[in-house]
Each structure stands twice: as C-alpha cells, then as structure tokens.
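Below are the chains, spelled out letter by letter.
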Amino acid sequence: QPYQENQMKLSGARRKRFIANVKTSKAKQFIEVYVGPKRAIIFCGSIEQADELGGDLAIHSKVSKKIQNERIKAFQDKKVDRIYTNRMLREGMNLEDIEVAVVIQLDNKNLAFVQMAGRAMRSHFPELFIFNAPNTQDDKYLENSLVGIPREFVRSISDYGKKSESISAENVTN
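A quick note: this is a predicted structure, and the numbers were derived from the prediction, not measured.

Peer 1: For this particular structure, what's the right way to read the overall build of the protein?
Peer 2: Scanning the protein from N- to C-terminus turns up 5 helices and 7 strands. For the protein, the α and β elements follow one another from N to C terminus as α-β-α-β-α-β-β-α-β-α-β-β. Taking the contacts inside the protein whose residues are at least 6 apart along the sequence as the reference set, 67% of them involve residues at least 24 apart. Just so you have it, the protein exposes about 10,100 Å², and 52% of that area is on carbon and sulfur atoms.

Peer 1: Which parts of the structure should I look at to understand the confidence of the model for the protein?
Peer 2: Model confidence for the protein is summarised by a mean pLDDT of 76, while 71% of its residues fall at 70 or above. When pLDDT is averaged over each helix and strand of the protein, the minimum, 43, is found for strand S7 (residues 169-173) and the maximum, 94, for helix H2 (residues 47-54). Across residues 158-174 the pLDDT falls below 50, and counting only partners more than four positions away or on other chains, this stretch makes 50 contacts in the model.

Peer 1: Help me understand H2, please; the structure alone is not making it clear to me.
Peer 2: One full turn of an α-helix is made of 3.6 residues, so residues set three or four places apart face in the same direction. Of all the residues in H2, the buried ones are Ile 47, Gln 49, Ala 50, Leu 53 and Gly 54. Down the axis of H2, the smallest arc covering the buried residues is 160°, so these residues share one side. A positive phi of about 55° marks Gly 55, the residue just after H2.

Peer 1: Any chance you could explain the pattern of salt bridges here in plain terms?
Peer 2: Between side chains of opposite charge, a pair can form when the charged atoms approach closely. Scanning all chains against the criterion turns up 6 salt bridges. Here Asp 138 and Lys 23 are joined by a salt bridge, their closest N and O atoms 2.5 Å apart. Taken together, the residues span a long stretch of sequence, with Asp 138 in helix H5 (residues 137-145) and Lys 23 in helix H1 (residues 2-35) at a distance of 115 residues. Across the pair, exposure class does not vary: Asp 138 and Lys 23 are buried alike. Note that Lys 28 is salt-bridged to Glu 52, the shortest N-O span being 3.1 Å. Residue Lys 28 is found in helix H1, and its partner Glu 52 is found in helix H2; the two are separated by 24 residues along the sequence.

Peer 1: I keep staring at the side chain of Gln 68 and nothing clicks. Help me out?
Peer 2: You can see Gln 68 is positioned in helix H3 (residues 65-76). A polar side-chain atom of Gln 68 sits 2.7 Å from the main-chain carbonyl oxygen of Val 63.

Peer 1: Honestly, the pairing of strand S1 (residues 40-43) in this entry has me stumped. Any pointers?
Peer 2: Of the two faces of S1, both are covered, the one formed by Ala 40 and Ile 42 as well as the one formed by Ile 41 and Phe 43. Where S1 meets strand S3 (residues 82-85), 4 bridges bridge the pair, whose relative direction is parallel. Within the sheet, the bridge partner assigned to Ala 40 lies in S3 and is Arg 82. In this sheet, strand S4 (residues 100-103) lies alongside S1 in parallel orientation, the contact comprising 4 bridges. If you follow Ala 40 over to S4, its bridge partner there is Val 100.

The rules behind these values
- Residues numbered from 1 in each chain as written.
- Predicted model: local features only at pLDDT ≥ 70, side-chain atom pairs only at ≥ 80, totals over all residues.
- Heavy atoms only, no water.
- Helix = DSSP H or I, 4+ residues; strand = E, 2+ residues; numbered from the N terminus.
- Contact = heavy atoms within 4.5 Å.
- Areas by Shrake-Rupley, 256 points an atom, 1.4 Å probe, with all protein chains shown as cover.
- pLDDT = per-residue confidence, 0-100.
- Buried < 20%, exposed > 50% of the residue type's maximum accessible area, 1.4 Å probe, protein only.
- Arc of directions from axis to C-beta.
- Salt bridge = Lys/Arg side-chain N within 4 Å of Asp/Glu carboxyl O.
- Polar contact = N/O pair within 3.5 Å; in protein donor to acceptor, adjacent residues only side chain to side chain.
- Pairing = 2+ DSSP bridges.

Set out below in structure tokens:
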C-alpha cells in the first residue's frame, strides 16, 4: 500500500511537471505573439518558470531585495514592458498602467485570482489571459475563478485568430 501511494504521488509530480513544461512553452509563444510591447505582468506557476520566461525581468523570493526593487522600478519607470513573478506582486504594491495580465497557473484560492486579475483590471482596456490545461485540476480552478464574470467577456484564445489557435488559454476582457 505505501509503495502504491508513493508511486501515485510521484506520477502526480511528473504529471504536474509535464503540464508546467507545456504551459511554459505555450506561454513563450503567446507572450511573443499576442502580448508584444503591451505592458504586462505574467504570473508564473513557479520560481523556475518565472526565471525561464522572464530571465532578468523575473521577481521572486530567490532574487535579492535590491534586484527586486531595481526591476520593479524599471517597470514603473516604463523602461521595461513586462514583469514576471510567481507569488509576489499579487498585492501590496501599486503597479500602474498594466494592460495585460497573464496567469499561467491558477490555484484553488479565489482571493489570489482576484488579486492577480485586479492588476490588469485598472486599465482602460484590460485583458486577462489564463492558461488552462483541459481535463486537469485547471478546469475546476478556472471555473471557480470565473464565477460572477459575465460569459460575454470570456473567450477561448482561439477566438483571436489563426496565429494562436494552438494555445490553450482563456481571455477575460472588460
């Protein structure tokens, strides 16, 4: 019995890593094609994902406070158009002029989603993209996150044309 439980946990971890790798790959394409030069905050599922996608624009607990502050200042001063984070920057800091928020990994905490969505919803034409791996826990997290949002504001990313049909995400606009 303990052997099977360990194997189930291990296969779950492998599955989670696989999904994270797929999302990272798709997020790279999506950010390049759709986000482009728009001011964006990208909420990643892990520190590793933030580093891989954001490089010198990543902000997380493994980055020194000094570098975090430098990167945030560069974003606030509009020297850079993007910032990548995993759990930081959800709340407690006023980041302005964010046109797009990208959420690569939701969790089961609605408050966290509200905080992430709120980063973009201050814009005149806000956009929020949520990556969703169908037939996983993502479906439940996505459904819970979208409670109360009128469905006319929710579209699959494939609604935006051929160039991004292969990217699985949800879009909420206002």
